[in-house]
Amino acid sequence: MATDISLIDAPDRATAERPLAQDRPAWGAVFSMSLGVFALVTAEFLPASLLTPLAEGLQISKGAAGQAVTATALVALITSLFISVATRGLDRRWVLMGFSVLLVISNLIVAGAPGLAMLLVGRILMGIALGGFWSLSVATVMRLVPEQAIPRALAIMFMGVSAATVFAVPVGSYLGALIGWRGVFVAATGLALLALLVQYITLPSLPARGNNRLGALVQVLGRPGIGIGMLAVLLVFAGHFTFFTYIRPFLENVTSVGIEGVTVILFGFGLANFAGTYLVAFVIERSLRLALLLMPLVMAVIALLLTTIGGVALLDASLIALWGLVFAGVPVSWSTWITRALPDEAEAGGGLIVAAINFAIATGAGIGGALLEFTGPRGVFLASGVILVVAVVTIAGRVRPE
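Attention here is on the structure that accompanies the text.

Definitions and limits used
Residues numbered from 1 in each chain as written. Predicted model: local features only at pLDDT ≥ 70, side-chain atom pairs only at ≥ 80, totals over all residues. Heavy atoms only, no water. Axes fitted to C-alpha atoms, helices over the stretch in contact; angles between N-to-C directions. Helix = DSSP H or I, 4+ residues; strand = E, 2+ residues; numbered from the N terminus. Parallel < 35°, antiparallel > 145°, perpendicular 65-115°, else oblique. Left-handed = near helix turned anticlockwise from the far one by under 90°. Contact = heavy atoms within 4.5 Å. Nonpolar A, V, L, I, M, F, W, Y, C, P; charged D, E, K, R; others polar. Salt bridge = Lys/Arg side-chain N within 4 Å of Asp/Glu carboxyl O. Buried < 20%, exposed > 50% of the residue type's maximum accessible area, 1.4 Å probe, protein only. 1 Å grid on protein atoms, 1.4 Å probe; cavity = no way out; pocket = protein on both sides within 12 Å on 5 of 7 lines; lining within 4 Å. Points joined across faces, edges and corners; volume = space filled by probe spheres on them. Expected span 1.5 Å × (residues − 1). Polar contact = N/O pair within 3.5 Å; in protein donor to acceptor, adjacent residues only side chain to side chain. Patch = residues over 30% accessible without salt bridge, like charges linked within 9 Å, V, L, I, M, F, W, Y side chains within 5 Å. Areas by Shrake-Rupley, 256 points an atom, 1.4 Å probe, with all protein chains shown as cover. Core = buried A, V, L, I, M, F, W, Y, C linked by side-chain atoms within 4.5 Å. Phe/Tyr/Trp six-rings, centres within 6.5 Å; stacked < 30°, edge-to-face > 60°.

### Focus: the packing of helix α12 (residues 288-309) against helix α13 (residues 313-327)
Move 1: In the contact formed by α12 and α13, the axes pass within 9 Å of each other and the chain directions differ by 160 degrees. Classed by the angle they form, the pair α12 and α13 counts as roughly antiparallel. Here α12 and α13 pass one another in a crossing that is left-handed. Contacts between α12 and α13 involve M295, V298, M299, I302, A303, L305, L306 and I309 from the first element and L315, D316, L319, I320, L322, W323, V326 and F327 from the second.
Move 2: Here the residues of the contact of α12 with α13 are counted per class, giving 15 nonpolar, no polar and 1 charged.

### Digging into unusual backbone geometry
Move 1: Positive phi outside glycine occurs at Q59, with the angle close to 55 degrees.
Move 2: Examined against the element boundaries, Q59 turns out to sit in the loop between α3 (51-58) and α4 (62-86).

### Some remarks on the pattern of salt bridges
Move 1: With the rule as written, the count across this model stands at 1 salt bridge.
Move 2: The salt bridge involving R248 is made with E252; its shortest N-O contact spans 2.9 Å. One end of the pair is R248 and the other is E252, both in helix α10 (residues 247-253) and 4 residues apart, which spans about a single turn.
Move 3: Its relative accessible area of 7% is what places R248 among the buried residues.

### Observations concerning empty space enclosed by the protein
Move 1: Tallied over the entire structure, the rule returns 6 cavities of 30 Å³ or more.
Move 2: For the largest cavity, the calculated volume is near 310 Å³.
Move 3: Lining the largest cavity are 21 residues; nearest its centre among them are W134, F158, F237, P331 and I357.
Move 4: Mapped onto the lining of the largest cavity, the elements with two or more residues apiece are α2 (27-49), α6 (116-144), α7 (150-202), α9 (226-244), α14 (329-341) and α15 (346-374).
Move 5: The element contributing the most residues to the lining of the largest cavity is α15, with 6 residues.
Move 6: Split into classes, the residues belonging to the lining of the largest cavity amount to 16 nonpolar, 4 polar and 1 charged.

### Details of helix α5 (residues 92-111)
Move 1: With 20 residues, α5 should reach 28 Å at 1.5 Å per residue; the first-to-last C-alpha distance of 29 Å fits that figure.
Move 2: Backbone nitrogen of R93 and a side-chain oxygen of the N-cap are separated by 2.8 Å at the start of α5; the cap is D91.

### Side note on a nonpolar patch on the surface
Move 1: Where nonpolar side chains cluster on the molecular surface, the patch consists of L290, L294, L297, V301, L305 and I309 and spans about 460 Å² of accessible area.
Move 2: Of note, I309 is situated in helix α12.

### Structural notes on the side chain of S384
Move 1: By secondary structure assignment, the location of S384 is in helix α16 (residues 377-398).
Move 2: Within polar-contact distance, the side chain of S384 engages the backbone oxygen of G239 at 2.6 Å.

### Looking at the nonpolar core
Move 1: W134, M157, F237, L251, W323 and W334 are the most contacted members of the largest nonpolar core, which has 129 residues in total.
Move 2: Looking at this core, the element that brings in the most residues is α7, giving 16 residues.
Move 3: W134 has contacts with V37, V41, M157, F158, V161 and V354, leaving out every residue within four places of it along the chain.

### Observations regarding the packing of aromatic side chains
Move 1: Under the counting rule described, the total for this entry stands at 9 aromatic pairs.
Move 2: A centroid spacing of 6.4 Å and a plane angle of 85 degrees characterise the contact between F241 and F244, whose relative ring orientation is edge-to-face. One end of the pair is F241 and the other is F244, both in helix α9 and 3 residues apart, which spans about a single turn. This pair shows no difference in class: F241 is buried, exactly as F244 is.
Move 3: With 5.4 Å between their ring centres and 90 degrees between their planes, W334 and W337 make a pair best called edge-to-face. One end of the pair, W334, and the other, W337, are both in helix α14, 3 residues apart, so they sit about a helical turn from each other.

### Quick notes on the environment of T70
Move 1: If you trace the backbone, T70 turns up in helix α4.
Move 2: Spatially, the C-alpha atom of T70 lies 17 Å from that of L81, the residues being 11 residues apart in sequence.
Move 3: With near-sequence residues (within four places) excluded, T70 lies in contact with A362, A365 and G366.

Structural data, given as structure tokens:
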């Protein structure tokens, strides 16, 4: 018998078990979380926009360069599972700032990397920062604002993701042509330092809370509906990152556009993604289930269309922009699900969903890298579409968030 995702008992219980946030919202601290996310996701996305010059500069294949994404995701996965245990008893303010320090170091190492080995070292540190920050982010936001303000605060935090999508991919690609890919990572270092400064100024003391034991992850995963929900998360994000990590080779080799065309198309993707962060709220208000199901369905159709009829610049640009619009709602929707499904174990739930996402990123980037070498960009996008179709079937048959 199928296990459904529900709101995990009645709303009254969720309200009773969620740790109470302060009565007056700390919007400055919420903004600092958004800026931290912006700096992290910018650095995370840069290899996708700089894949070709990065590979040429280090004299490695594009597939090998793409594995920098895989390494980051694998380390982020491990970090997300163990960070609450490893930092139990530590003030979350200092833990979050520590991740920003790691991000600064990571960007500097990548900027000066002489070869693949040091590139991977830098991206491993990036994975620790990414996995740790994301794992604690939802639980932190829940403590910074009253309960009724949580959806708005989460939307503000995810604006950092959308802004990074606008900034990192097209601007990273454009700046890479002007100052080189190493210069872009130096600029990303400055952004990380700014985020660290704002966090130092605005974040209040946040003593550790919750059941910070490794067994808590197993207990949370064993709750009704949580396991199948994490599988659905994994599939949706694997489909996205199989597509997104290798979007530049597709545009260069299939769409046949130069660096200016790549930059314009990716900028359109980013702008659409930013708009989608706002529009998804209306869908979620109507039906969270509809939001969870509709987005991967549209993405699957887009991937399959690009596989079969892609190659016309205007068509490809339009479909990629639509992908950006739709994907913007994916992390917001699943984060909303987490806050409703696990109000009493937000850090453990956050760790599990970040682990699922990063396993998906590693899987998607890894599969895409292998397929790129043997089948070319169309084969990569076909795999993305197939993964997303499986995600849609899983959500339609097993996910019941409302």
